[in-house]
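Listed here are the chains, written in short residue letters.
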Amino acid sequence: SRELFVLTYGALVAQLCKDYEKDEDVNTCLDRMGYSIGVRLIDDFLARSAVKKCRSYSETVDMIAQVAFKTYLGVTPSVSCSSAAGNEFSLILDKNPLVDFVEELPAERASLCYCNLLCGVIRGALEMVHLSAEVTFLQDRLKGDAVTEIGITFLRKPEDRKQKRS
Amino acid sequence: MAIFSVYVVNKAGGLIYQLDHYAPRADTEKTFSFPLDLVLRPHDERVVVAFGQRDGIRVGHAVLAINGAEVNGRFTADGKDVLEFLGNAANYPVSIRFGRHRLSSNEKLMLASMFHSLFAIGSQLSPEVGSSGIEMLETDTFKLHCFQTLTGIKFMVLADPRQTGIDALLRKIYEIYSDFALKNPFYSLEMPIRCELFDQNLKLALEVAEKAGPFGPGS
């Protein structure tokens, strides 16, 4: 059924490309869809994995990489922290199941982020647990880079008040 | 029936789902002649028994119907004030039905929001940082168990004090919520849950928990 999902995703992206001319529009659309998926997926993830509340950004990113990605996509990206402030992280995927059947992007779609849905999912999920973040693709194998890298930048610390409430 | 009700409260404190699972309590209907030996008094929007408990009629029971016609708060079905009607000897003999008043949906909404606020106060009063909030409220007739998810949704279960396994039940309800409410594409977040599948699966889960009963595993 993973294959079905990958094929469905491919058909979705292809249809979006037909609907929208500009790559940025397709990317935004994918991100928005991912966001709606993420806000719902987070409860499913928390209900099934019964993980405890994460107390730091790095714990959160580790949880995303090791548990969430494993559960939903079957791969485990590696995590690296890329800023001294401790709020920028990247997930490095050497195997991305979503692009199993894609060789490379067509010439006229050079700036398309094929897996932008994933960015939206992560952003939506984090927002539901009161962590706002920016999630983008830093490197993309489909564009010729060596690996696929997703960057997560946490925007502001959750206020103490919010932590106490949740 | 050992599990009485389930409440689901969203992040803002609004009640989005409510289920009553207990068998309706028996109402008592009796015929009375003038003068009435029960002392009735108005309470909120209802007329309740203040004194004179007898047979099945207990203090606190509300007047539910007069001569078969359901009363509308403090007024009879034809609009007359209940206490006036019962004070008039000409209306006797009269048959009155008493029973425990069930909460209206507005009252439930209000109580859910109040609990939400109490929960927030509870977390803030905690001497330790990062408290889980109110997990259980215990009285002699029921226990209220509450579970708040990391996303802010609260699941509350009112059950018999001897019922065990409620923690597992709360987690199960969370799973059912994430499956049948969240994955339903036509369900908007934070809105009242109107999903058939959610209802059915929730009732199944309650039945399983009840069967496991007081002999079930821990909690």
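Per an unreviewed UniProt entry, chain B carries the name Trafficking protein particle complex subunit and comes from Neopipo cinnamomea. Check the Sequence similarities (unreviewed entry) section of the UniProt entry for chain B; it says "Belongs to the TRAPP small subunits family. TRAPPC4 subfamily." Per UniProt, chain B has the following entry under Function (unreviewed entry): "Core component of the TRAPP complexes which has a function of guanine nucleotide exchange factor activity for Rab1 GTPase. Plays a role in vesicular transport from endoplasmic reticulum to Golgi and autophagy. May play a role in dendrite postsynaptic membrane trafficking."

An unreviewed UniProt entry annotates chain A as Trafficking protein particle complex subunit 3-like protein of Tyrannus savana. As recorded by UniProt, the Function (unreviewed entry) comment attached to chain A reads in full: "May play a role in vesicular transport from endoplasmic reticulum to Golgi." UniProt lists a comment for chain A under the heading Subunit (unreviewed entry), and it reads "Homodimer. Component of the multisubunit TRAPP (transport protein particle) complex, which includes at least TRAPPC2, TRAPPC2L, TRAPPC3, TRAPPC3L, TRAPPC4, TRAPPC5, TRAPPC8, TRAPPC9, TRAPPC10, TRAPPC11 and TRAPPC12."

*Asks:* Run through the domain arrangement of chain B, naming residues and quoting values.
*Replies:* Each domain of chain B was delimited in the assignment, giving domain 1 (1-21 + 102-210) and domain 2 (26-97). Its C-alpha centre places domain 1 of chain B at a distance of 35 Å from the equivalent point of domain 2 of chain B.

*Asks:* Got a sec to walk through the interface of chain B and chain A? Specific residues and values, please.
*Replies:* Often, the extent of an interface is quoted as the loss of accessible area on bringing the components together. Between chain B and chain A, the residue contacts involve 20 residues of the former and 18 residues of the latter. Where chain B abuts chain A, roughly 1,800 Å² becomes buried across the two surfaces, and 55% of that area is made up of carbon and sulfur atoms. When residues of chain B are sorted by the area they lose upon contact with chain A, L150(B), T151(B) and L182(B) head the list and together hold 33% of the total. For the pair chain B and chain A, the number of links is three salt bridges. Measuring nitrogen to oxygen at the nearest pair gives 2.8 Å for the salt bridge that ties K183(B) to D44(A). At the boundary of chain B with chain A, the tally comes to eight residue pairs in polar contact (both at pLDDT 80 or more). Ranked by residues supplied to the side of chain B that touches chain A, first place goes to helix α3 (residues 166-181) of chain B with six residues. Along the lines of polarity and charge, the residues of the side of chain B that touches chain A split into eight nonpolar, eight polar and four charged.

Cut-off values and rules
Residues numbered from 1 in each chain as written. Chains lettered and ligands numbered in written order. Predicted model: local features only at pLDDT ≥ 70, side-chain atom pairs only at ≥ 80, totals over all residues. Heavy atoms only, no water. UniProt positions renumbered as here; feature names shortened; annotations may be inferred. Domains from an automatic or database assignment. Contact = heavy atoms within 4.5 Å. Buried area = accessible area lost by both parts, 1.4 Å probe. Salt bridge = Lys/Arg side-chain N within 4 Å of Asp/Glu carboxyl O. Polar contact = N/O pair within 3.5 Å; in protein donor to acceptor, adjacent residues only side chain to side chain. Helix = DSSP H or I, 4+ residues; strand = E, 2+ residues; numbered from the N terminus. Nonpolar A, V, L, I, M, F, W, Y, C, P; charged D, E, K, R; others polar.

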